[in-house]
Amino acid sequence: MKTVAVTGYKPHELGIFKPDAKEIKFIKKALERRLLSLLDNGLEWVVISGQPGVELWAGELVIQMKEEWEDLKLAVLPPFLEQEKIWPEPAQLAYAELLKQADFVKPISNAKYTNPGQLRAKNDFIIGHTEGLLLLYDEDMTGTPKFYLAPAETRQAHDGYEIIWVTPQDIQDVVEEEQWL
């Protein structure tokens, strides 16, 4: 797999309301474990839309990982222009910094937000242009990642698209390991 999309919950869906919350470190570590495995097997591109939460944290993680993995690249494909305008200021600042460091940035729609169909189009486009989805999601705790999961499962049924799960247990494992360090 050379290209993987990464998505998951938004911060408020995880009960995270501070940009420096300690939980983010554990989430990034769990994502890093999956990404390292993919890198060992030829991963070249990580694709996100850049939305706050797992996507933004994954983008920050990829930028850090590029120090060791020079061939790793980050693509940010926002669903529309100025998606960040309604976000809290810390998320806007983190997003702006991420865009400066990304290897490729291009909105899927060259218009500002007009309707929810743009978000669906973003999910379909990203799933259609990657070989797998790295997803932080628990099907027992519904949330926005389900909108990515549906087209990924449809594509998986047709052509073997890979869905790689990061579960709450994966994060709990990181927390427990960090306690022993």
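Everything that follows concerns the structure shown earlier in this document.
A few points on the structure. (Residues numbered from 1 in each chain as written. Predicted model: local features only at pLDDT ≥ 70, side-chain atom pairs only at ≥ 80, totals over all residues. Heavy atoms only, no water.)

## Focus on the sheet that holds strand β3 (residues 73–76)
Our working definition: Two strands form a pair only when DSSP identifies at least two bridges running between them. Strands are runs of DSSP state E lasting at least 2 residues, helices are runs of H or I lasting at least 4, and numbering of each runs from the N terminus. Contact criterion: two residues are considered in contact whenever any of their non-hydrogen atoms come within 4.5 Å of each other. Angles shown run from 0 to 180 degrees and are taken between the N-to-C directions of axes, each axis being a line fitted to C-alpha atoms and, for helices, limited to the stretch in contact.
Ordered in space as β4-β3-β2-β1-β5-β6, the six strands form an open sheet in which the pairing is parallel. Each edge of the open sheet is held by one strand with a lone partner, namely β4 (104–105) and β6 (162–166). In terms of strand pairing, strand β1 (residues 3–8) meets strand β5 (residues 132–136) through five bridges, oriented parallel. For T7, the partnering residue across the bridge sits in β5 and is L135. In the packing of helix α3 (residues 89–101) onto the sheet, contacts are made with β2 (45–48), β3 and β4, and the angle to β3 comes to roughly 125°.

## Focus on the layout of surface pockets
How we decide: A pocket, in this scheme, is an open set of points on a 1 Å grid over the protein atoms alone with protein on both sides within 12 Å along at least 5 of 7 lines, while a cavity is a set where a 1.4 Å probe fits but cannot get out; residues line either one if an atom lies within 4 Å of a point. Grid points are joined across faces, edges and corners, and a volume is the space filled by probe spheres set on the points. By the convention adopted, Pro, Cys, Tyr, Trp, Phe, Met, Ile, Leu, Val and Ala count as nonpolar, Lys, Arg, Asp and Glu as charged, and the other residues, Gly among them, as polar.
By volume, the largest pocket is sized at about 1,000 Å³. Lining the largest pocket are 44 residues, with K10, P11, Q51, P52 and W87 positioned closest to its centre. Counting only elements with at least two residues in the lining of the largest pocket, the list comes to β1, α1 (22–40), α2 (54–65), α3, α4 (117–128) and α5 (146–159). Taken together, the residues of the lining of the largest pocket sort by class into 26 nonpolar, eight polar and 10 charged.

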